[in-house]
Each structure stands twice: as structure tokens, then as C-alpha cells.
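Structural overview
Each chain is listed here by its residues.
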Amino acid sequence: MFLTKELQLQDYMIENHPPKFALQFHWPKKIEKTETMDDYYSTWSTQNPDIQAFQINRSKLERDMTKMVIDQGVKYYHGRVKDIDINSSGGAHSVDIQILSNEENFEDHFEIDRVTIQAEYIVDASGRNFAIGSRTDNLLKDPKDLYGLQNASTWVRVKNVDKKLFDFNNPNVTASWYYATNHFFGPGYWIWMIPLERGSHDFSIGISYHRDKIECNQLNTQEKFMKFLEKNQKLVYNLISSGEIVDFHRWPKIAHTSRVFYSHDNWAVIGDAAAIFDPFYSTGISMMAIEIECLTELLKYKLNKDTNGYNLRLKLFNGLITSLTKIFCHLIKKHSDHLGNASVMSWRIYIESSSYFGIDIPSYIGKYHLCPDFIKIFLDAHPSILAVRDTMLETLDDINNRGLNIGFMDNHRGGQLKIVNWSPITSWDSDECLALCKYDRQRLNLPYCLQRITTYQLIAYTMLYIKAYGWRAMFNNNYLFIARNLLSQIPKYYIGSWIHYFKNFSKPNNDYFESVKNEFEQQYSYSVKNQHVPF
């Protein structure tokens, strides 16, 4: 929605990037046998997504968007930032730029000029070059700032693979398996398989692994990477071997975050320059969308010289992004111990997916992340959100350590909890925001969505604890903590949903369509006497 609705790139995305049919997850039935998809327990996407999604070819997107903004009048310098002089007294910053030639291969670029530009505000979107983070004390890479996360990644791009090795051959679903982000699991690692182009059979295939389980020197060459796949994920190995490897990449360290996202000194960090933890849930684009929209809102107040409005949003937006990035980092906490356990991890994915679809998406659609009042409520609730998650992870640790089988949950299908026949993944649009086009700011009834998802998660946690400990789970301290926490939220959301309903009772679901309807009723006329076609 950020790319297609906010940036209005719907046609461009359809024409230039493959569709994305959700995230799919696969665990080997037996570690020693992984040659076909029949050798895996899998959760497959069952239907087309409610909101159209895309597999983004990043290099292509960045190249095309650079041309788009140049065509719109942006001044572009092709080069490297060599130095930044941050002016902390409120004056303009200086940026020293090495201007480069423009050969097709980046390795062939050479310096042709050197310029210094002045800027009142700097936005660092330099990715892992950390244009600001490396020149200030803003970058955080220590595991103690990342809930202990120490992970790395190795990947290849491969073209012209044999698609038959991963063919769509099941009549029980209506979505493509091929055009999805497929995840293959093992102890302490997961592997992604992402199509890069429509119909070209080109893939990005890589492994994200935790360094307490796998040392970096075990996957630091293409040969070692392929040997690892041959031994642990033969299907993926065969797929790569059937094509041609284009290039090989590795990151010995993935995770990092920032102390400050929007600074009083008139600079900001966004995207990978700000924070990234693990590509597991494709959270990079989600964080970036919210960061950019908050920054855009912030700069509107700055340009309008609304000092009070700017300072309020500077504080709240920075708090919001700081809290959100902590939650996204927390999503990867304990992954090292849980990834290879299909029972534990499928439950974890199921519950975490419910939060994404029941909370994150509705709040984004309603633009609640731009509302100061909502941000204050969210920041107050943030500690309890992490406390519930920590309690859940403690329980999953116990289940994992005891080798309990608590069943296999499919995050794509509803009705798995027996008590209720809907799920937040397949029926998450509880306020009918999509059907009724409730896209205006705060028009969507978020408290109602929160009431529904909190009730659902309470049922999910109840079933999880019963599966693990039987009916004595009702006296389990961890369960009682989670239940009390969720139950305390439901009445507040219920009251809030009715307040929202009455405050918006007379408002149209969507201002645009309401104006079209009103114009039609006031101005349109049709005469049966005048049916000839003018030429």
C-alpha cells in the first residue's frame, strides 16, 4: 500500500515486479531427506492476498525511482558521500560529495569531480553505508542493544533455474506457490527463495543464520554455501544447481538499530541506514513506510514554521519508531532456538501473524501512526506488549526444551482454534476498511480491530497452553500473566470502539467517493430525447 497507494506506483509495480503470494514456510520431515516438497511440512498460501503485494527487485526499483525523481525536478549527484559536517547550532549542514563517472559496472566508476553542498535538513537513506550513523554515535550494533541478536547472512542470485523442481501442482489452493517468499527451516537458520522477475526463473536464494549455532567461516564462500545446502536442503541445492549463479554475497553481521531516528539537529535516518534485524517477516519495507510517512509529516510542520507542532511530533515520532523497531527486533528474539522446531515455530508464526494483520495493517491503513494521541497510547502500552512476548517466548522455550508436540499451525487458514471459525489472517478486515474504502485518516475503527484481535489472541494463547500442559495450564503462571494482560485491554478497546463509532457516525466512509456521489446527485441529468452521438 505504501508503494502503490502513497507513491502511486501501482501500474509501475504491476509492469515491472513479480506478484507476491504471501510468506510460505517449510520444515523437513526428516533432516536427512529434503529432495522434494513432499519431504516437508508446509504452510502454503491458499488464496490471493486482499491487498496486492510484490516481490521487489531492489536494484531495479532504486534505478527506476532515481529516474522518476530526477524527471520530477530533484537535483541528483551521482557519487559518494565522503564527509558530512553536522551543524548542531541550527545552521545548514555541509555534505562533501565525490562525483563519479557512470559506467555500467559500479566497480569501473572513477572520480571526476568533488563538490560540497549545503542542506538545512539531511535524510540518510544510504543503507549500510551509514552516512550519518558512522559519523556520529547514533549506530547500535552491540547484541545487548538487540535482545542478544547475533545473526549473519549469505546469498546468491541465480538465473534460469529449472522451475519443474518447484512446480505448482496442487489443486487445493488458488495462489501461486512459485511467486511467494518461501522459507526453508533448520536448526538456527532459515533459507529464503524469492523470484526476482516475471517469468524469467531468476531467484534470490540465501540463508539467514544465528552465529551461536553456525560460525561465519562455515558459510563465507560460495562453495561452502552450496555444500551446506546440499547436505541440509537438497531441494534448494538442486534448484540453484539447475541454473546459473550470477553473484555471491555475504553479511557477517546483519542486525543494527539507531539511538535517534529524527534528530533535533535537523537530520533523520531511514531504511537500512536506521535499523534492520532479519529479513524473516519482510519487515524492512514495513519499517521504511512508517519512517518515511512520519518524516514527511514532520517536515510539513517544519516548512510551515509550526514550531510547537514540529517539536511535539519530533518527540512522538522518534518514540514511535524507537518502540516499533524494538518490537520488530523482538520478533527475532530466540529464533536461534525455535526456527528448526516445526511445532513451536508454526505456533509462533501464527500468533505473530495475527498481530501483524490484526494490529499493524489496520493502524497503517488508518494512518494512526501519524496521530499524536494514538502514539501516546501506544507508547504507554509498549512495555506490556514486550512483557507478553517475553512470557510467550519463555513458554515456547520450555516446550522446545521438553520436546513437546503441540501441533502444527497454518498461518494462512482460519478455523484452527475450533472455538472460533475466523482467523486474523484470512478474515482480518473486521472493520471492512478495504470493502468500504475507509482510507481517510483515522476513519477506520482501530479500537474495534484491537478488541477483536485481542480476544482472538486470548483464545489462541489458551489453546497453546492447553496443548502444552493440559487443563492444568489454567493455573500456569505464564498463562495467567498473559490472560490478565489481554483481558485488561479488551474493555478499553470495546469502549473505545463505541466512542469511535459515535464520533464518526455521520461521516462518510471515504470523502472522495462521497464528493463524487454528491456531485452526481446535484449536477447529473440525462434526457432520453438527446441520444444521438456527437461527431
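Residues numbered from 1 in each chain as written. Predicted model: local features only at pLDDT ≥ 70, side-chain atom pairs only at ≥ 80, totals over all residues. Heavy atoms only, no water.

Attention shifts here to the overall build of the protein chain. The secondary structure content of the protein chain amounts to 13 helices and 14 strands. Taken over the C-alpha trace, the protein chain has a radius of gyration of 25 Å; the compact-globule value for 535 residues is 24 Å, and the two agree within 12%. Across its three principal axes, the protein chain shows a C-alpha extent of roughly 65 × 65 × 65 Å. Considering the protein chain as a whole, with its 535 residues, one finds that 50% of them fall into the buried category. Once local pairs closer than 6 in sequence are excluded, the contacts in the protein chain between residues at least 24 apart make up 70%. Carbon and sulfur atoms make up 52% of the accessible area of the protein chain, which amounts to about 27,000 Å² in all. Positive and negative charge centroids in the protein chain, built from 58 and 60 side chains respectively, lie 5 Å apart. (Helix = DSSP H or I, 4+ residues; strand = E, 2+ residues; numbered from the N terminus. Rg over C-alpha atoms; globule rule 2.2 N^0.38 Å. Buried < 20%, exposed > 50% of the residue type's maximum accessible area, 1.4 Å probe, protein only. Contact = heavy atoms within 4.5 Å. Areas by Shrake-Rupley, 256 points an atom, 1.4 Å probe, with all protein chains shown as cover. Lys, Arg positive; Asp, Glu negative; His and termini not counted. Charge placed at Lys NZ, Arg CZ, Asp CG, Glu CD.)

Below, the discussion takes up the sheet that holds strand β11 (residues 203–210). The seven strands lie next to each other as β2-β1-β9-β10-β11-β8-β12, forming an open sheet whose pairing is mixed. Single-partner strands in this sheet number two, and they are β2 (40–43) and β12 (244–251). On average, each strand axis in the sheet is tilted by 20° relative to the strand beside it, whichever way the strands run. Docked against the sheet, helix α9 (residues 342–365) engages β1 (23–28) and β9 (181–186), running at close to 165° with respect to β1. (Pairing = 2+ DSSP bridges. Axes fitted to C-alpha atoms, helices over the stretch in contact; angles between N-to-C directions.)

What follows concerns the packing of aromatic side chains. In total, this model carries 32 aromatic pairs according to the counting rule given. Between F25 and F185 the ring centres are 6.0 Å apart and the planes differ by 35°, which places this aromatic pair in the tilted class. Placement of F25 in strand β1 and of F185 in strand β9 is noted, with a sequence separation of 160 residues between them. Residue classification places F25 among the buried positions, given a relative accessible area of 1%. Judged by relative accessible area, which is 1%, F185 ranks as buried. (Phe/Tyr/Trp six-rings, centres within 6.5 Å; stacked < 30°, edge-to-face > 60°.)

Time to look at the domain arrangement of the protein chain. The domains assigned to the protein chain are domain 1 (18–55 + 151–251), domain 2 (79–120) and domain 3 (341–534). Domain 2 and domain 3 are separated by 45 Å when their C-alpha centres are compared. (Domains from an automatic or database assignment.)

Time to look at the sheet that holds strand β4 (residues 93–100). Pairing is antiparallel in the open sheet, where three strands are placed in the order β3-β4-β5. Both edges of this open sheet fall to β3 (79–85) and β5 (111–119), since each of them pairs with a single strand only. Across the sheet, the mean angle separating the axes of adjacent strands is 20° when strand polarity is ignored. Pairing between β4 and β5: eight bridges, direction antiparallel. Across the sheet, the residue bridging to I99 is D113, located in β5.

Inspection of the secondary structure assignment puts S323 in helix α7 (residues 307–330). If we ignore the near neighbours within four places in the chain, the residues touching S323 are F378, L379 and H382.

Attention now moves to the state of the cysteines. Disulfides are covalent bonds that link the sulfur atoms of two cysteine residues. The final tally for this structure, using the stated rule, is zero disulfides. In this model C216 remains outside any disulfide bridge; the closest cysteine sulfur is found in C329, 17 Å from its own. Judged by relative accessible area, C216 falls into the buried class, the value being 14%. (Disulfide = S-S within 2.5 Å.)

Once that is clear, we can look at the pattern of salt bridges. With the rule as written, the count across this model stands at 27 salt bridges. Measuring nitrogen to oxygen at the nearest pair gives 3.0 Å for the salt bridge that ties K334 to D397. Of this pair, K334 sits in the loop between α7 and α8 (335–338) while D397 sits in helix α10 (residues 372–402), placing them 63 residues apart in sequence. Residue classification places K334 among the partly exposed residues on the basis of a relative accessible area of 33%. (Salt bridge = Lys/Arg side-chain N within 4 Å of Asp/Glu carboxyl O.)

So, about helix α13 (residues 511–523). With 13 residues, α13 extends 18 Å from end C-alpha to end C-alpha; this agrees with the ideal 18 Å at 1.5 Å per step. Here α13 starts with a cap whose side-chain oxygen sits 3.0 Å from the backbone nitrogen of Y512, and that cap is N510. (Expected span 1.5 Å × (residues − 1). Polar contact = N/O pair within 3.5 Å; in protein donor to acceptor, adjacent residues only side chain to side chain.)

Time to look at unusual backbone geometry. Of note in this structure, F130 is not a glycine but carries a positive phi near 50°. Here F130 shows up in the loop between β6 (122–124) and β7 (139–140). Notably, K367 is not glycine yet its phi reads approximately 55°, a positive angle. Structurally, the position occupied by K367 is in the loop between α9 and α10. Residue K367 is classed as buried on the basis of its relative accessible area of 7%.

A surface patch of nonpolar side chains, amounting to about 800 Å² of accessible area, comprises Y494, I495, W498, I499, Y501, F502 and F505. Structurally, the position occupied by Y501 is in helix α12 (residues 477–503). Judged by its relative accessible area of 39%, Y501 is partly exposed. (Patch = residues over 30% accessible without salt bridge, like charges linked within 9 Å, V, L, I, M, F, W, Y side chains within 5 Å.)

To continue, consider the pairing of β9. The element β9 is extensively covered by neighbouring structure, given that six of its six residues are classed as buried. Neither face of β9 is left uncovered, since the one carrying T181, H183 and F185 and the one carrying N182, F184 and G186 both have all their residues buried. With five bridges connecting them, β9 and strand β10 (residues 189–195) associate as antiparallel partners. If you follow N182 over to β10, its bridge partner there is M193. In sequence, β9 turns back onto β10 through a hairpin of two residues, with G188 there showing a positive phi of about 80°.

With that settled, consider the packing of α9 against α10. When two helices pack together, their arrangement is captured by the angle between the axes and the distance separating the axes. α10 packs onto α9 with a crossing angle of 170° between their chain directions and a minimal axis gap of 11 Å. Here α9 is positioned roughly antiparallel relative to α10, judged by the angle of their axes. Contacts between α9 and α10 involve V344, R348, I351, E352 and S363 from the first element and F374, R389, M392, L393, L396, I399 and N400 from the second. Partitioned by chemical class, the residues of the contact of α9 with α10 number seven nonpolar, two polar and three charged. (Parallel < 35°, antiparallel > 145°, perpendicular 65-115°, else oblique. Nonpolar A, V, L, I, M, F, W, Y, C, P; charged D, E, K, R; others polar.)

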